[in-house]
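Structural description and commentary
Spelled out from the first residue to the last, the chains are:
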Amino acid sequence: MKYVSLLLFFWLICTGTYAQYENIWAFGDNAGIDFNNMAMPVKTAISGYGEGNAAVCDNNGRLLFYTNGYKVWDGNGNIMPGGEGIISDPILPPLPLPGGQPPDYASSTTQGALIVPMPGDGRKYYVFSMTCVELGITDNGLGRMYYSVVDMDRNGGLGDIDPVRKSILVDKGHTEALTAVVGDRCNVWLLAINRVKNELKAYSIDDNGISPVPVLSPLLDVNQNAAFGNIVASSDRRTLAIARWGVGIYDFDPVTGRAVGRLALAPAYSAVVWAYNTCFSPDNSKLYVSFGPVVVGVPYSFQYDLSSGDSATMTASRKPLNNPDNWSFKLGPDGRVYGSSRQNALNVINEPNLQMPACRYNPGGFLLAPGTGVSFAFTNAVAAMKKDTAKAAYEVEAACFASFERLEISHQDGWDYEWNTGARGTELKVERPGVYWARYYTAPCTWHADSFRVSFSNGVLPHIDTRNSCGSQANGAAWASTYDDDTVMYRYRWYDKDHNLLSDTDSLINVPPGNYMLSVSTAECDTTLVLEIRSEMHKLSFTTDSITCQGAELVFKNTSDPDYARFSWDFGDHSVSALRDPRHVYQDSGAYTVQLRGQGAVCTDTLTMEVVVDPRMASNFRADKDSICAGESVFFSAPADHPAIVSRLWHFGDDMFISVDGVQGIRHAFESGGLIRVQLLTRFRACPDTSAKARVYVQSLPVVNLGVDSVLCWRGVPIDLRNRANGSASGESFYSFWNTGDTTEVFRAVHPGVYTLTMVSGFLGCHNSESVAVIPGCHIDMPNAFTPNGDGINDYFFPRQLLAKQVTSFRMQVLDRWGNVVFETNHTDGRGWDGQYGGSALPEGVYTYLVDLETGGKRERYQGNVTVLR
């Protein structure tokens with residue numbers, strides 16, 4: 001592989017600060033410095049207590065505006081229309097503060113003012129303000145952090161406060177330290193210190209605004225207690241120095257915003273002199289520290305050498321800078337470190353990367369403009385997140401017969417890598433020539449566009465595609481291919497395992513399973529490739545109902561192997577389909593052969609199946625009679641049996657079905673009269689059930705009831721026989737006759753014997769008979785029931801015929817069911833029992849009678865039951 005850089009463009013990658021943004025300082029009492037040509041003192045309009053100061057310039061170093069955290073002045077030194085009092089919160093005490101207090105809420109804060117260019121909008125700036133310790137240590141006083149937004153497109157291009165985003169509370173409970181550091185993900189980290197929990201808070205600022213949830217990092221014990229002090233970052237943004245009580249050195253991660261304490265460099269100078277301010281040299285090898293008294297007095301300042309990396313050596317490297325001492329230090333755009341001593345002149349460290357005294361410390365070496373002075377601190381750092389761009393182009397030539405080329409991005413520490421192919425990551429595998437590009441970011445916010453022009457001028461290793469052979473059939477194939485626009489001339493030769501030449505084109509077709517070789521050559525390259533054509537078997541199959549009904553939809557479910565992609569159906573009735581899972585309706589009954597032909601990448605197959613279509617049939621039947629007498633039978637005949645019929649169910653007017661399988665007819669007798677509905681339900685194996693109905697008239701038989709057999713007493717009264725029933729249950733006309741030939745309704749039997757009455761219907765001639773026997777030998781005739789209701793009919797129970805003349809003695813008793821005698825008599829000429837006992841009517845029911853008599857010297861006893869009916 002050969003990489004040739006054709007074109008390489010790089011724009012400057014941003015560091016922690018941009019010199020031009022801090023080319024003009026505004027601090028103290030109307031003081032300022034202009035670094036655009038050489039450091040020159042200038043007069044500004046800034047005022048206040050002198051600690052909270054911040055200023056910002058444009059890309060050309062032109063002053064845009066400055067602030068003390070409470071007021072904002074434009075580049076001409078005029079307070080912006082909305083810049084008078086950018087902290088406005090009713091929870092704070094009203095201004096002016098009582099006796100000797102600072103004139104506002106922020107200018108007495110160590111780092112009370114901070115300007116951060118807004119990411120994603122080059123014309124807007126965040127102005128952060130931190131309230132001072134003089135307001136007290138409650139949540140309503142110390143460390144309330146606010147922000148306002150300056151829009152440079154307002155006020156005729158001089159800028160003004162956005163009224164919608166002014167004095168917005170970010171958080172509270174901080175110390176007086178506040179600064180910002182450019183992050184490594186196109187963001188800025190806003191740094192503050194929680195005064196109670198002793199932890200560093202890092203808020204991310206990006207195109208989406210200020211994150212409400214900070215990243216928290218614990219501080220070293222040396223950074224406790226004090227409310228004032230500052231935070232400063234090294235130029236490489238990897239180290240923080242925090243002055244709070246003592247001085248702590250921290251490793252800072254610009255990606256995550258986390259800080260890890262590395263070294264407690266210096267404790268508090270004394271109980272009343274605490275670390276106030278720190279500043280790194282340009283190469284970060286030296287640290288300049290000031291210790292300020294709690295009560296305003298003379299500060300103390302020192303240089304520490306950090307170059308050894310050894311804790312003990314760094315701590316012992318302290319060297320004083322005095323006469324006069326410095327309250328604060330700040331690295332200027334000219335590479336020199338400036339120190340403030342509350343005079344009208346600044347101390348200058350001309351070679352801050354060198355140890356004392358080689359650093360050329362010059363007390364009072366820079367005179368401020370007349371009528372101006374420095375109080376405590378300089379302007380705060382400006383952390384500008386600038387989106388830079390870097391572009392590079394490469395020419396890549398692949399090796400001989402390379403099947404691919406791997407492109408690799410040189411920057412491995414970036415993020416959001418994206419190739420024009422959609423792939424992600426620092427590498428891309430390409431298999432054909434063309435232009436490929438990758439876009440990504442590197443820290444802190446450099447957008448890269450790397451392009452690669454890839455060529456395969458020595459030929460691309462052909463790609464071999466194969467098609468296996470279906471079983472032992474010789475339908476296997478293989479072919480070689482490169483990309484479409486390849487202009488290299490290739491020569492192909494295909495051989496079998498015995499080195500027999502099979503083809504000299506780019507394709508090999510109609511070969512059985514086995515191993516093959518392909519020799520490929522160009523003007524510069526040649527190689528031999530080995531391939532295998534395998535044997536495959538794929539099953540063609542489908543499921544459906546083998547029996548269906550005429551006119552019903554039949555579903556064919558294709559269960560073939562996935563290899564089959566195209567299908568052709570023939571349903572055997574001149575209908576076809578190319579669907580994978582078709583549906584079909586057979587309009588005529590019969591047997592059909594269904595054929596499925598499948599074609600896949602490897603195999604082609606044909607499968608058949610027999611489908612029987614049952615006809616739709618009615619449930620017709622015939623009866624040999626439509627009118628019968630009760631007790632007679634009718635024969636019902638159905639059409640000839642058919643394989644489609646599963647069963648026939650007959651219903652003859654009752655709740656039961658009679659199943660008859662394999663029989664065309666059935667005979668059934670009807671016992672009850674009336675118009676009877678007959679139904680035949682036919683069930684089929686595929687078609688819906690059908691039914692047929694008919695009616696049969698069944699005439700009821702005449703009803704004949706001659707009663708029980710009777711006893712004819714010797715020389716007694718003749719017995720009258722008659723039909724005790726109505727005769728015809730259906731109300732039809734009928735005629736009757738006795739077996740004696742008589743046709744009278746009442747037949748008088750005077751002789752013992754068997755007498756039969758026959759009744760014949762007048763419509764169908766249905767007849768019925770009953771016989772009764774008249775038995776000789778009795779002397780009395782006892783009734784079996786009587787009705788003592790006073791109507792003059794059957795009011796008494798007594799023998800109905802006169803007793804035989806031979807009776808010489810007589811006794812009759814009637815007993816209730818408990819055996820009590822309720823009536824008794826010895827007289828044959830009385831009326832008999834009237835159904836009463838003791839003058840009261842006995843209830844209906846069955847009673848027992850006993851009759852003892854003597855006739856012709858012979859004793860006889862009669863016993864039976866009589867029913868009282870009322």
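As the structure is a computational prediction, the values presented were derived from the model and not from experiment.

A few points about the overall build of the protein chain
- Broken down by element type, the protein chain carries 1 helix and 75 strands.
- What you see for the protein chain is a C-alpha radius of gyration of 63 Å, clearly larger than the 29 Å of a compact globule of 870 residues, by over 25%.
- Structurally, the protein chain occupies a C-alpha span of about 180 × 105 × 55 Å along its principal axes.
- Across the 870 residues of the protein chain, 48% fall into the buried class.
- Summarising the internal contacts of the protein chain: among those between residues at least 6 apart in sequence, 56% fall at separations of at least 24.
- Averaged over its 70 positive side-chain charges, the protein chain has a centre that lies 3 Å from the centre of its 92 negative ones.

Looking at the pattern of salt bridges
- Applying the stated criterion across every chain yields a total of 27 salt bridges.
- The salt bridge partner of Asp58 is Arg62, with a shortest N-O separation of 3.2 Å.
- Relative accessible area serves as the criterion here: at 47%, Arg62 is assigned to the partly exposed category.
- A salt bridge links Arg534 to Glu532, with the shortest nitrogen-to-oxygen separation between them at 3.5 Å.
- What makes Glu532 partly exposed here is its relative accessible area of 42%.
- One network of salt bridges, in which partners are shared, links Asp121, Lys124, Asp151, Arg154, Asp162 and Arg165.

Details of the confidence of the model for the protein chain
- This prediction gives the protein chain a mean pLDDT of 89; 93% of its residues lie at or above 70.
- Note on residues 1-18: pLDDT under 50 across the span, and 57 contacts to partners over four residues away in sequence or across chains.

Notes on the state of the cysteines
- If you walk through the whole model with that rule in mind, you get 5 disulfides.
- Disulfide pairing places Cys400 opposite Cys525 at an S-S distance of 1.5 Å. Remark: Cys525 occurs in the loop between strand S43 (514-521) and strand S44 (526-533) and Cys400 occurs in the loop between strand S31 (388-397) and strand S32 (405-408); sequence separation between them is 125 residues.
- On the basis of relative accessible area, Cys525 is assigned to the buried category, the value being 4%.
- A sulfur-sulfur separation of 2.0 Å characterises the disulfide bridge that pairs Cys470 with Cys603. Across the S-S bond linking Cys470 and Cys603, the dihedral sits near 105 degrees, which makes this disulfide right-handed. Of this pair, Cys470 sits in strand S38 (residues 469-470) while Cys603 is found in the loop between strand S53 (590-600) and strand S54 (604-614), placing the two residues 133 residues apart along the sequence.
- Residue class for Cys470 comes out buried when judged on its relative accessible area of 7%.
- The connectivity of the disulfide bonds within the protein chain can be written as 1-3, 2-5, 4-7, 6-9, 8-10, using the sequence rank of each bonded cysteine.

Notes on the nonpolar core
- In this structure, Leu407 and Val454 are the most contacted members of the largest nonpolar core, which totals 33 residues.
- For Val454, the residues in contact, after removing those within four places along its chain, are Val396, Glu405, Leu407, Val430, Pro433, Gly434 and Tyr436.

Some thoughts on unusual backbone geometry
- With an omega dihedral of 0 degrees, the bond running from Leu95 to Pro96 counts as a cis peptide bond.
- With omega at -5 degrees, the peptide bond leading from Ala443 into Pro444 counts as cis.
- Its place among the elements puts Pro444 in the loop between strand S35 (434-442) and strand S36 (446-455).
- Of note, the phi angle at Phe401 is positive, near 55 degrees, even though the residue is not glycine.
- Along the chain, Phe401 falls in the loop between S31 and S32.

Section: the sheet that holds S53
- Taken in spatial order, the 5 strands line up as S47-S54-S53-S50-S51 in an open sheet, and their pairing is mixed. Edge positions in the sheet fall to strand S47 (547-549) and strand S51 (576-577), since each of these pairs with one other strand and no more.
- Direction of pairing for strand S50 (residues 564-570) relative to S53: antiparallel, over a ladder of 6 bridges. For Asp570, the partnering residue across the bridge sits in S53 and is Gln595.

Concerning the packing of aromatic side chains
- Summed over the entire model, instances satisfying the criterion amount to 50 aromatic pairs.
- Residues Phe797 and Tyr849 carry aromatic rings whose centres are separated by 5.6 Å and whose planes lie at 50 degrees to one another, so their mutual orientation is tilted. With Phe797 in the loop between strand S69 (785-786) and strand S70 (807-815) and Tyr849 in strand S74 (residues 845-855), the pair connects residues that are 52 residues apart, well separated along the chain.
- Owing to a relative accessible area of 9%, Tyr849 belongs among the buried residues under this scheme.

A closer look at the side chain of Lys286
- Tracing the sequence through the fold places Lys286 in strand S24 (residues 286-293).
- Polar side-chain contacts of Lys286 include one of 3.1 Å to the side chain of Ser285.
- Among all residues touching Lys286, those that are not within four sequence positions of it are Cys279, Phe280, Ser281, Gln303, Tyr304, Asp305, Pro352, Asn353, Leu354 and Gln355.

So, the pairing of strand S64 (residues 719-722)
- On S64, burial follows the alternation: Ile719 and Leu721 on one face are buried, whereas Asp720 and Arg722 on the facing-out side are not.
- Where S64 lies against strand S66 (residues 746-749), 4 bridges are found, and the strand directions are antiparallel. For Asp720, the partnering residue across the bridge sits in S66 and is Arg748.

A short note on the sheet that holds strand S42 (residues 507-511)
- An order of S37-S39-S42 is seen for the 3 strands of this open sheet, with the pairing classed as antiparallel. Every interior strand has two partners, whereas the edge strands, strand S37 (463-467) and S42, have only one. Pairwise comparison of adjacent strand axes, ignoring direction, gives a mean angle of 10 degrees for this sheet.
- Relative to S42, strand S39 (residues 476-481) is paired through 3 bridges, and the arrangement is antiparallel. Pairing of Gly476 across the sheet is with Val511, part of S42.

The rules we used
- Residues numbered from 1 in each chain as written.
- Predicted model: local features only at pLDDT ≥ 70, side-chain atom pairs only at ≥ 80, totals over all residues.
- Heavy atoms only, no water.
- Helix = DSSP H or I, 4+ residues; strand = E, 2+ residues; numbered from the N terminus.
- Rg over C-alpha atoms; globule rule 2.2 N^0.38 Å.
- Buried < 20%, exposed > 50% of the residue type's maximum accessible area, 1.4 Å probe, protein only.
- Contact = heavy atoms within 4.5 Å.
- Lys, Arg positive; Asp, Glu negative; His and termini not counted.
- Charge placed at Lys NZ, Arg CZ, Asp CG, Glu CD.
- Salt bridge = Lys/Arg side-chain N within 4 Å of Asp/Glu carboxyl O.
- pLDDT = per-residue confidence, 0-100.
- Disulfide = S-S within 2.5 Å.
- Core = buried A, V, L, I, M, F, W, Y, C linked by side-chain atoms within 4.5 Å.
- Pairing = 2+ DSSP bridges.
- Phe/Tyr/Trp six-rings, centres within 6.5 Å; stacked < 30°, edge-to-face > 60°.
- Polar contact = N/O pair within 3.5 Å; in protein donor to acceptor, adjacent residues only side chain to side chain.
- Axes fitted to C-alpha atoms, helices over the stretch in contact; angles between N-to-C directions.

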